[in-house]
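Descriptive analysis of the structure
Here are the chains, one letter per residue:
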Amino acid sequence: MTVGIYQQLRSESTEDDNLIDSHDSISDLAGVPKDNEVDDAILKKKQSVKRIFGYPVSIPFIIANEFCERFSYYGMRTILTIYLTEKLMLKDSVATDYYHEFVALCYATPLLGALIADVFIGKFRTILILSCVYCLGNAVMALTAIGKWAIFRSDELIDPFSGTVDYIPAVWGPLLGLHLIALGTGGIKPCVSSFGGDQFMASETGRLQRYFSMFYFSINAGSTIATVLTPELRGTSCFGESTCFFIAFLVPAIFMVLAVVAFVVASPWYVKVPPLGNPIVEVIQVGVAASKKLLYGMTVPSPTAIYGKSKVEETKQLMRVLAIFIPFPLFWALFEQQGSRWVVQAKRMNGALVWRIFCATKICSQCYGVLNLGI
């Protein structure tokens with residue numbers, strides 16, 4: 001019975017998806033404007049989709065996907081500085097540079113992901129493809145830390161007291177994994193939340209707000225749990241080594257695979273809005289036209305003559321708003337120190353937290369960030 005219901009839902013969803021994907025040919029044959037045809041097909045799909053407690057049936061899968069993805073990202077990132085300094089034996093300054101390069105890429109690639117989704121292949125395919133890239137990056141990170149079986153091994157370090165052998169990975173292996181992860185997590189970042197918003201009708205403002213609240217809660221829940229759990233996994237020993245970075249990286253990799261599975265399972269019920277263009281492209285076009293007008297004067301047409309008054313005014317408003325964000329990099333440059341310099345400093349401390357005069361506990365050097373997440 002369950003299989004029959006699933007097949008029926010899949011059949012209905014496939015028909016609607018085909019209508020959305022084939023809007024070009026339908027519009028050409030019927031003489032109907034493409035935008036109207038697309039809007040009608042999307043509205044029909046939203047109205048026909050099954051619901052759970054009033055929400056589209058795909059929403060729990062999107063939230064589960066985000067929970068698993070955030071667990072994967074923060075689980076790996078929490079132990080990254082320790083991995084670079086203690087496993088790869090890099091200097092603190094070099095490890096800090098690599099860490100911040102990785103974080104910077106994670107927050108730069110959303111521009112690329114948004115452009116790919118809005119102009120070329122749509123949100124669904126962008127999320128699916130870049131999530132697979134993400135999984136590949138996690139797999140590379142785990143394989144660099146698998147001891148003597150590591151595919152990117154460069155050296156050995158023998159402890160004279162315990163006799164354990166730690167195998168040092170070649171630095172280019174983890175760097176390859178980090179760049180793949182940065183492309184994956186950054187590329188899907190602007191797509192997942194808005195893809196969930198696409199599942200709702202315009203009149204469902206209340207449910208849409210509650211969806212974003214649940215979505216944001218899943219982000220914090222996944223990141224907090226991962227920040228506590230992965231340092232504990234790293235602290236165990238495996239494969240004859242004194243630490244177990246392999247398991248600490250493997251668990252986030254598994255969660256990312258689960259994120260992809262959760263996302264794909266709900267595919268028949270998604271409302272997949274086709275690419276409609278990206279405002280970044282339009283802003284660049286207006287900016288180029290304005291620059292040409294400034295350089296060549298009356299010999300070239302004005303941006304208003306080319307793109308219309310409304311686009312030019314919107315671009316001017318955007319430029320004025322962007323001025324507000326000028327101080328933001330200063331804040332985030334300091335905030336992200338909790339994953340690099342804070343960890344390096346914490347390694348030199350005894351880790352004791354005194355809650356009361358007779359009660360104290362110890363916290364690992366990578367775990368201080370969880371205090372921020374908890375607050």
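Described in the following lines is the structure provided in the data block. (Residues numbered from 1 in each chain as written. Predicted model: local features only at pLDDT ≥ 70, side-chain atom pairs only at ≥ 80, totals over all residues. Heavy atoms only, no water.)

1. With respect to the overall build of the protein chain
Counted only if it meets this: Each helix is a run of DSSP H or I of at least 4 residues and each strand a run of E of at least 2, with the numbering of both proceeding from the N terminus. Remark: exposure states derive from per-residue accessible area (1.4 Å probe, protein chains only) relative to the maximum for the residue type, with buried under 20%, exposed over 50%, and partly exposed in between. Here, residues are in contact when the closest pair of their heavy atoms is within 4.5 Å. Accessible areas in this description were obtained via Shrake-Rupley with a 1.4 Å probe; residue shielding takes into account the shown protein chains only.
Check the secondary structure of the protein chain and you find 15 helices and six strands. Sorting the 375 residues of the protein chain into buried and exposed places 43% on the buried side. Residue pairs at least 24 apart in sequence account for 72% of intrachain contacts in the protein chain once pairs closer than 6 positions are excluded. Accessible surface, the protein chain as shown: approximately 20,000 Å² in total, 66% of it carbon and sulfur.

2. Examining the packing of aromatic side chains
Definition in use: When two rings of Phe, Tyr or Trp (its six-membered ring) have centres within 6.5 Å they constitute a pair, described as stacked for plane angles under 30 degrees, edge-to-face for angles over 60, and tilted for the intermediate range. Here, a charge over a ring means that NZ of Lys or CZ of Arg falls within 6 Å of the ring centre while also lying within 35 degrees of the ring normal.
Per the stated rule, a full pass over the model turns up 21 aromatic pairs. A centroid spacing of 6.2 Å and a plane angle of 90° characterise the contact between Tyr55 and Phe200, whose relative ring orientation is edge-to-face. Of this pair, Tyr55 sits in strand β2 (residues 55-56) while Phe200 sits in the loop between α7 (172-197) and α8 (205-234), and the two are 145 residues apart along the sequence. Taking NZ or CZ as reference, Lys272 lies 4.1 Å from the ring centre of Phe124, over its face.

3. Details of the environment of Val257
Assignment of secondary structure puts Val257 in helix α9 (residues 245-265). Along the backbone, Val257 and Leu136 are 121 residues apart, and their C-alpha atoms lie at a distance of 9.7 Å.

4. Structural notes on the side chain of Thr81
Following the sequence through the fold, Thr81 ends up in helix α5 (residues 80-87). Beyond its immediate stretch of four places on either side in the chain, Thr81 contacts Tyr99, Gly339, Ser340, Val343 and Val344.

5. Focus on a nonpolar patch on the surface
We apply this condition: Surface patches are defined over residues having more than 30% relative accessible area and no salt bridge, joining like charges when they lie within 9 Å and nonpolar side chains (Val, Leu, Ile, Met, Phe, Trp, Tyr) when within 5 Å. Should a side-chain nitrogen of Lys or Arg be within 4 Å of a carboxyl oxygen of Asp or Glu, the pair is scored as a salt bridge.
Residues Leu318, Met319, Val321, Leu322, Ile324, Phe325, Phe328, Phe331 and Trp332 make up a contiguous nonpolar surface patch of about 850 Å² in total accessible area. Elements represented by at least two residues in the nonpolar patch include exactly α12 (309-322) and α13 (328-335). The element contributing the most residues to the nonpolar patch is α12, with four residues. The residue Phe331 is located in helix α13 in this model.

6. What to know about the nonpolar core
Quick note on the threshold: In plain words, nonpolar cores are sets of buried Ala, Val, Leu, Ile, Met, Phe, Trp, Tyr and Cys residues tied together by side-chain atoms within 4.5 Å.
Residues Ile62, Met76, Leu80, Phe102, Met141 and Phe249 are the most contacted members of the largest nonpolar core, which totals 63 residues. For this core, the elements supplying multiple residues, two or more each, are α4 (59-78), α5, α6 (92-143), α7, α8 and α9. Ranked by the residues each element gives to this core, the list is headed by α6, at 15 residues. Leaving out residues up to four positions away in the same chain, Met141 has contacts with Met76, Leu80, Tyr83, Pro174, Gly177, Leu178, Ile181 and Phe249.

7. A word on the pattern of salt bridges
Scanning all chains against the criterion turns up nine salt bridges. Glu336 serves as the salt-bridge partner of Arg77, at 3.2 Å between the closest nitrogen and oxygen. In this pair, Arg77 is assigned in helix α4 and Glu336 in the loop between α13 and α14 (341-347), connecting sequence segments 259 residues apart. In this structure, the salt-bridge partner of Lys123 is Asp198, at a minimum N-O distance of 3.1 Å. Placement of Lys123 in helix α6 and of Asp198 in the loop between α7 and α8 is noted, with a sequence separation of 75 residues between them. Exposure class is identical for Lys123 and Asp198. Each is buried. Residues joined by salt bridges that share partners form a network here, namely Arg51, Glu204 and Arg207.

8. A few points about the side chain of Ser131
The condition is simple: Two N or O atoms form a polar contact when they lie within 3.5 Å of each other; inside protein one atom must be a possible hydrogen donor and the other a possible acceptor, and for residues adjacent in sequence the pair counts only when both atoms belong to side chains.
Position of Ser131 among the secondary structure elements: in helix α6. Assessed through its relative accessible area of 2%, Ser131 is described here as buried. Of the polar contacts made by the side chain of Ser131, one reaches the backbone oxygen of Ile127; its length is 2.6 Å.

9. Quick word on unusual backbone geometry
In this structure, Phe53 takes a positive phi of about 55° despite not being glycine. In this structure, Phe53 sits in the loop between β1 (51-52) and β2. The exposed category is assigned to Phe53, whose relative accessible area is 79%.

10. Some remarks on α7
Filter applied, for reference: Multiplying 1.5 Å by the helix residue count minus one yields the expected span of that helix. Note that the bend at a residue is defined as the angle between axes fitted to the seven residues ending at it and the seven residues starting at it.
In a regular helix each residue adds 1.5 Å, so 26 residues correspond to 38 Å; α7 covers 39 Å between its end C-alpha atoms and thus fits that length. Remark: the principal bend of α7, roughly 40°, maps to Lys189, with a proline, Pro190, within the next four residues.

11. Comments concerning the packing of α7 against α8
Our working rule: Every angle, taken between N-to-C directions, lies between 0 and 180 degrees, and every axis is a line fitted to C-alpha atoms, over only the stretch in contact when it is a helix. Here a crossing is taken to be left-handed if its near helix is turned anticlockwise relative to the far helix by less than a right angle, and right-handed if that turn runs clockwise. When residues are sorted by character, Ala, Val, Leu, Ile, Met, Phe, Trp, Tyr, Cys and Pro go into the nonpolar class, Asp, Glu, Lys and Arg into the charged class, and all the rest, Gly among them, into the polar class.
Running from N to C, α7 and α8 cross one another at 145°; their axes reach a closest spacing of 10 Å. α7 and α8 meet at a crossing whose hand is right-handed. Between α7, through Val192, Ser193, Gly196 and Gly197, and α8, the contact on the second element is made entirely by Leu208, Tyr211, Phe212 and Phe215. Classifying every residue of the contact of α7 with α8 gives five nonpolar, three polar and no charged.

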